[in-house]
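Residues per chain are reported as follows:
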Amino acid sequence: SEATGGKKIELLVTIQKIDRGKTITEDMLGTRDVPQAYVDDRAIRAADRQKVVNLRATSTIPVAQTLAWTDIIAGADEQ
């Protein structure tokens, strides 16, 4: 387990480019299993998918990028 990075954590990834300011929709998101040792605290777990849908991207997010909480903004947080 230590040699492989530990148990796998299912994270959200982009399956298409998301432009800055664009609303994130269900069809833009996929998942990827990542060893726990390589998971950053900012990475969004697949279980949190519904918390992300309908929020907007703070910057352009390329395809196959692991989605992080710093990549999104709630409508009330725009300022």
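Here goes a summary of the coordinates provided. Since we're looking at a predicted model, the values are computed, not measured. (Residues numbered from 1 in each chain as written. Predicted model: local features only at pLDDT ≥ 70, side-chain atom pairs only at ≥ 80, totals over all residues. Heavy atoms only, no water.)

**Some details on the overall build of the protein chain**
1) Next: For the protein chain, the count of helices and strands is 1 helix and 4 strands.
2) Next: Over its C-alpha atoms, taken along the principal directions, the protein chain stretches across nearly 45 × 25 × 20 Å.
3) Next: A total of 79 residues make up the protein chain; the buried ones form 37% of that total.
4) Next: Sequence separation of at least 24 residues holds for 62% of the intrachain contacts in the protein chain that already meet a minimum separation of 6.
5) Next: Roughly 5100 Å² of accessible area belongs to the protein chain as shown, and the carbon and sulfur atoms make up 45% of that amount.
6) Next: Computed over 11 positive and 12 negative side-chain charges, the separation of the two mean positions in the protein chain equals 2 Å. (Helix = DSSP H or I, 4+ residues; strand = E, 2+ residues; numbered from the N terminus. Buried < 20%, exposed > 50% of the residue type's maximum accessible area, 1.4 Å probe, protein only. Contact = heavy atoms within 4.5 Å. Areas by Shrake-Rupley, 256 points an atom, 1.4 Å probe, with all protein chains shown as cover. Lys, Arg positive; Asp, Glu negative; His and termini not counted. Charge placed at Lys NZ, Arg CZ, Asp CG, Glu CD.)

**As for the nonpolar core**
1) Next: Core analysis: the largest hydrophobic core is formed by 14 residues, its most contacted members being Leu12, Leu29, Val52 and Leu67.
2) Next: Setting aside anything within four residues of it in sequence, one finds Leu29 in contact with Leu12, Val13, Ile15, Ile24, Arg49, Val52, Val53 and Leu67.
3) Next: With 5 residues, the next largest nonpolar core counts Ile9, Leu11, Val39 and Ala43 among its residues. (Core = buried A, V, L, I, M, F, W, Y, C linked by side-chain atoms within 4.5 Å.)

**Digging into the pattern of salt bridges**
1) Next: Summed over all chains, the structure comprises 4 salt bridges.
2) Next: For Arg42, the salt bridge is made with Asp40, and the minimal N-O distance between the two is 3.0 Å.
3) Next: Here Arg42 falls in the partly exposed class, since its relative accessible area comes to 45%.
4) Next: A salt bridge links Lys51 to Asp48; the nearest nitrogen and oxygen atoms lie 3.4 Å apart.
5) Next: Owing to a relative accessible area of 56%, Lys51 belongs among the exposed residues under this scheme. (Salt bridge = Lys/Arg side-chain N within 4 Å of Asp/Glu carboxyl O.)

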